[in-house]
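The residues making up each chain are set out below.
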Amino acid sequence: METKSENVSFGGVQGVYTHASDATGTDMTFGLYLPEEAKYGSVPILWYLSGLTCTHENAMTKAGAQQFASEYGIAICFPDTSPRGEGVADDDSFDMGQGASYYVNATQDPWAKHFRMWDYVTEELPQLVAREFAVDLDRQAITGHSMGGHGALTIGMGLGTNRFTSVSAFSPMCRTMDSDWGTRQLGLYLGEDREAWRPHDASEVMRERGFDGPVLVDAGTADQFWDKLKPGALAGAMTDRKQQGAFRLQPGYDHSYFFVSSFIEDHVRFHAEALYG
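Residues numbered from 1 in each chain as written. Predicted model: local features only at pLDDT ≥ 70, side-chain atom pairs only at ≥ 80, totals over all residues. Heavy atoms only, no water.

Draft legend 1. Expanded view of the packing of helix 3 (residues 117-132) against helix 4 (residues 147-159). In the contact formed by helix 3 and helix 4, the axes pass within 12 Å of each other and the chain directions differ by 60 degrees. Of the possible angle classes, the one that applies to helix 3 and helix 4 is oblique. Crossing angle aside, the handedness with which helix 3 passes helix 4 is right-handed. Taking contact as the criterion, the partners of W118, V121 and T122 in helix 3 are, on helix 4, T154, I155 and L159. (Axes fitted to C-alpha atoms, helices over the stretch in contact; angles between N-to-C directions. Helix = DSSP H or I, 4+ residues; strand = E, 2+ residues; numbered from the N terminus. Parallel < 35°, antiparallel > 145°, perpendicular 65-115°, else oblique. Left-handed = near helix turned anticlockwise from the far one by under 90°. Contact = heavy atoms within 4.5 Å.)

Draft legend 2. Summary view of the packing of aromatic side chains. Applying the stated rule across the entire model yields eleven aromatic pairs. Seen from their ring centres, F170 and F259 are 6.2 Å apart, and the 85 degrees between their planes marks the pair as edge-to-face. Highlighted residues: F170 in strand 7 (residues 164-170) and F259 in helix 9 (residues 257-276), separated in sequence by 89 residues. Of the two residues examined, F170 and F259, each falls in the buried class. Centre to centre, the rings of W181 and F225 are 4.9 Å apart; their planes meet at 40 degrees, and the pair counts as tilted. Placement of W181 in the loop between strand 7 and helix 5 (183-190) and of F225 in the loop between strand 8 (215-220) and helix 7 (226-229) is noted, with a sequence separation of 44 residues between them. (Phe/Tyr/Trp six-rings, centres within 6.5 Å; stacked < 30°, edge-to-face > 60°. Buried < 20%, exposed > 50% of the residue type's maximum accessible area, 1.4 Å probe, protein only.)

Draft legend 3. Just the nonpolar core, in detail. Core analysis: the biggest nonpolar cluster contains 60 residues, and F30, L32, Y102, V129, L153 and Y189 have the highest contact counts within it. Here this core gets seven residues from one element, more than from any other, and that element is helix 3. Beyond its immediate chain neighbours, meaning those up to four positions away, Y102 contacts L52, D95, M147, H150, M173, W181, G182, Q185 and Y189. Grouped together as the second largest cluster of nonpolar side chains are 23 residues, V16, F68, I76 and F78 included. (Core = buried A, V, L, I, M, F, W, Y, C linked by side-chain atoms within 4.5 Å.)

Draft legend 4. Region of interest: the sheet that holds strand 6 (residues 135-144). One open sheet holds the nine strands; their spatial order is 1-2-3-5-4-6-7-8-9, and the pairing between them is mixed. Each edge of the open sheet is held by one strand with a lone partner, namely strand 1 (2-9) and strand 9 (245-250). Within this sheet the neighbouring strands show an average axis-to-axis angle of 20 degrees, counted without direction. Where helix 3 meets the sheet, its contacts fall on strand 2 (12-20), strand 3 (27-34), strand 4 (43-49), strand 5 (75-79) and strand 6, and the angle it forms with strand 3 comes to roughly 55 degrees. (Pairing = 2+ DSSP bridges.)

Here is the structure:
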């Protein structure tokens, strides 16, 4: 692992690190914020998955999470959104390929060789972070924005409370099985069998298994991608399942990091209460 940068922030350290990944077969970069408490012992960790076109850097620099991670004494990890580099498959559209992994393990060529982001985010990166830093893998939570909200929900519910204390999302992709943000991508990554898509559709996973713990979802009523995100599908599934948690519609907010930064304190506090509970 190579340290790219480390900066003091709110008494803790915001670092950026690169390592060779076995899961993706590429070099991967991630950001990690450690609060001051990590100097004295292991701290809980919140995983933040970013959206389309993002890298590890977007939420790390725009969400304003460090202040609240410091206040509540938790680490936050910002993985990249896909494998990258020469020889890695890509697509001309912004919502497919590099920067748009949908956090799946691809099974179809040419994606299967490198696009194994489910394994990277859930297995390889946590083990690396726990080995190199003072974080406690017995206390993990997960959140994300847009495509990353889709990833947080599907991974959080998929692995359940054996892994995560709590799950949240900002403006998540809620219905990938029949949306412009999902149908083409899951077909190319996973093949034509739509049953293979179901574990990667947040509304389907919510309806089938839910999460045995608290869930928090925020969406803006002025989100310019509302028709692609299909938030009603997830809200309906949460209601039908009587899922513990809240689906909040925030009036006037759009899809941007201005929205995320407005409610990041709520989400960090929500997870801190579960992690320390």
